[in-house]
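Here's the letter readout for the chains.
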Amino acid sequence: MYNKAMLIYNGSAGSNDIKASLAEAVEGLESYINELTLMKTLKKGDAETFCLERASQFDLIIIMGGDGTVHECVNGLIKLKESPPIFILPTGTCNDFARSLNIPLKIDAACEAFEETKMIQSDIGTVNSRAFSNFFGVGLITKASEGTNADLKQSIGKFSYFVSALQSMQQAAPFSYTLKTKEGIENDEAVMILAMNGHSLGTTSLYHEKSSLTDGLLDIYLIREAGLSLLKNLFNKVTSPTFPDEMEGIDYIQTSSFELEIKRKEEVDIDGEIYLETPAIVRIDQKTLPFLSFPIYQ
Ligand SMILES: Nc1ncnc2c1ncn2[C@@H]1O[C@H](COP(=O)(O)OP(=O)(O)OP(=O)(O)O)[C@@H](O)[C@H]1O
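Residues numbered from 1 in each chain as written. Predicted model: local features only at pLDDT ≥ 70, side-chain atom pairs only at ≥ 80, totals over all residues. Heavy atoms only, no water.

With respect to the overall build of the protein chain
Moving on, step 1. Each helix and strand counted, the protein chain has nine helices and 18 strands in total.
Moving on, step 2. Considering only residue pairs separated by 6 or more positions, the protein chain has 78% of its internal contacts joining residues 24 or more positions apart.
Moving on, step 3. By element, 50% of the accessible surface of the protein chain is carried by carbon and sulfur atoms, the whole surface being about 13,700 Å². (Helix = DSSP H or I, 4+ residues; strand = E, 2+ residues; numbered from the N terminus. Contact = heavy atoms within 4.5 Å. Areas by Shrake-Rupley, 256 points an atom, 1.4 Å probe, with all protein chains shown as cover.)

A short note on the environment of Ile-193
Moving on, step 1. Inspection of the secondary structure puts Ile-193 in strand β10 (residues 192-196).
Moving on, step 2. Note: C-alpha distance between Ile-193 and Asp-251 (58 residues apart in sequence) is 9.7 Å.
Moving on, step 3. Not counting residues up to four positions away in its chain, the partners in contact with Ile-193 are Phe-136, Gly-137, Val-138, Phe-175, Tyr-177, Ile-220, Tyr-221, Leu-222 and Leu-260.

Details of helix α2 (residues 46-54)
Moving on, step 1. Restricting attention to buried positions, one finds in α2 the residues Asp-46, Ala-47, Glu-48, Phe-50 and Cys-51.
Moving on, step 2. Buried residues along α2 sit against β1 (2-10), β2 (33-41), α3 (67-77) and β6 (130-132). (Buried < 20%, exposed > 50% of the residue type's maximum accessible area, 1.4 Å probe, protein only.)

Describing the pairing of strand β5 (residues 118-127)
Moving on, step 1. Along β5, seven of the 10 residues are buried, which leaves the element largely enclosed by surrounding structure.
Moving on, step 2. Two strands pair when backbone bridges link them, and β5 and strand β18 (residues 280-293) are joined in this way by nine bridges, in the antiparallel orientation. Directly across from Gln-121, in β18, lies its bridge partner Pro-290.
Moving on, step 3. Here β5 pairs with β6 via three bridges, running antiparallel. In the strand pairing of β6, Val-127 is matched with Arg-130. (Pairing = 2+ DSSP bridges.)

Side note on the sheet that holds strand β17 (residues 273-277)
Moving on, step 1. With antiparallel pairing, the six strands of this open sheet are ordered in space as β14-β13-β10-β7-β16-β17. The sheet is open, and its two borders are formed by β14 (250-255) and β17, each paired with just one other strand. The mean inter-strand angle of the sheet, taken between neighbouring strand axes irrespective of direction, is 20 degrees.
Moving on, step 2. With four bridges connecting them, strand β16 (residues 267-270) and β17 associate as antiparallel partners. Opposite Glu-267, over in β17, you have Glu-277 as the bridge partner. (Axes fitted to C-alpha atoms, helices over the stretch in contact; angles between N-to-C directions.)

Some words on the nonpolar core
Moving on, step 1. Counting 49 residues, the largest nonpolar core has Phe-87 and Leu-89 as the members making the most contacts within it.
Moving on, step 2. Take this core: its biggest share by element is six residues, from β1.
Moving on, step 3. Not counting residues within four places of it along the chain, the set of residues in contact with Phe-87 comprises Leu-29, Leu-60, Ile-61, Ile-62, Ile-63, Ala-110, Phe-114, Thr-117, Leu-292 and Phe-294.
Moving on, step 4. Phe-136, Phe-258, Leu-276 and Ile-284 belong to the second largest nonpolar core, which has 22 residues in total. (Core = buried A, V, L, I, M, F, W, Y, C linked by side-chain atoms within 4.5 Å.)

Quick notes on the site of the ligand
Moving on, step 1. In the vicinity of the ligand, 18 residues are found, and the nearest of them are Thr-41, Gly-68, Thr-69, Glu-72 and Thr-93.
Moving on, step 2. One of the backbone N or O atoms of Leu-42 is found 3.1 Å from a nitrogen atom in the ligand.
Moving on, step 3. Asp-67 places a main-chain nitrogen or oxygen 2.8 Å from an oxygen atom of the ligand.
Moving on, step 4. A total of 630 Å² of accessible area belongs to the ligand in isolation, and the protein chains cover 80% of it.
Moving on, step 5. Among the elements that take part in the shell around the ligand, α3 stands out by supplying four residues, more than any other.
Moving on, step 6. Looking at the shell around the ligand residue by residue, the classes come out as two nonpolar, 10 polar and six charged. (Near = heavy atom within 4 Å. Polar contact = N/O pair within 3.5 Å; in protein donor to acceptor, adjacent residues only side chain to side chain. Nonpolar A, V, L, I, M, F, W, Y, C, P; charged D, E, K, R; others polar.)

Let's talk about α3
Moving on, step 1. Burial runs high along α3: 10 of the 11 residues are buried.
Moving on, step 2. For α3, the set of buried residues is Asp-67, Thr-69, Val-70, His-71, Glu-72, Cys-73, Val-74, Asn-75, Gly-76 and Leu-77.

Some words on the confidence of the model for the protein chain
Moving on, step 1. When pLDDT is averaged across the protein chain, the result is 86; 80% of the residues are at 70 or more.
Moving on, step 2. Across residues 154-159 the pLDDT falls below 50, and counting only partners more than four positions away or on other chains, this stretch makes four contacts in the model. (pLDDT = per-residue confidence, 0-100.)

Here you go:
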């Protein structure tokens, strides 16, 4: 039982959707919470401010939104001396971090199963001065995020991401990079570099058997070439439950920190939004924020 909870919700989603989602959330969580405060975001940045300024007055934070909203909340909560437990009710398009916590993607189902949640102290990444929960990416991924047309996203949801990714693949030119890790310095070329804390990207599972939200390590995917072989590999992989160790055109390493320099400046995608440019100094801090998760994979 939680005494005081703050539910932050993305006020820019369709108004009918918001009312229906709120009704389901309030009804579904009513028996677990004494006092519930609803906080509606009116603009970008509000969720971060709510968490920074108000979260310490509550003993549960409920985030009703997608990865962008979760990202903002994480950036507010990480600055607190201690964060209250965090529960995500996924109402975004991709909901990749919620998927990594195994949260049911329907609000009524997530609330119904609330009693089965298990608290995990999740690792949280930082790139330059920005925190991230799910992933850091440069290259192709930034073209996919930029290219995801808002109307298309509204109407066909997650598939717009893949349509966009497919379009971007035609244009993907490799970039030269220098990657410094504790293990050494690598100079090479890639079309995309991903550093994952979670294990879902654009709704696609990148679950590697070594992936964990609590191991203090990032899963780094160095994707050497775009085009058909990458697609073939990704689609083959979707049919297997875990990410294979050997994949043509993709290298996989794990590390707790790295520095990435790219000859031409590249935009950096963090949790699905472009926030900054390279060079990037990236690290992961182990067991940093308390998330309510459902117990598979952890
Ligand atoms: N009232 C608002 N007006 C404009 N933008 C907002 C408002 N509230 C939140 N946002 C922004 O909307 C962005 C996207 O929201 P959110 O992540 O909840 O949905 P999504 O993009 O569909 O989800 P996903 O990232 O899982 O695909 C967030 O980055 C947030 O900053």
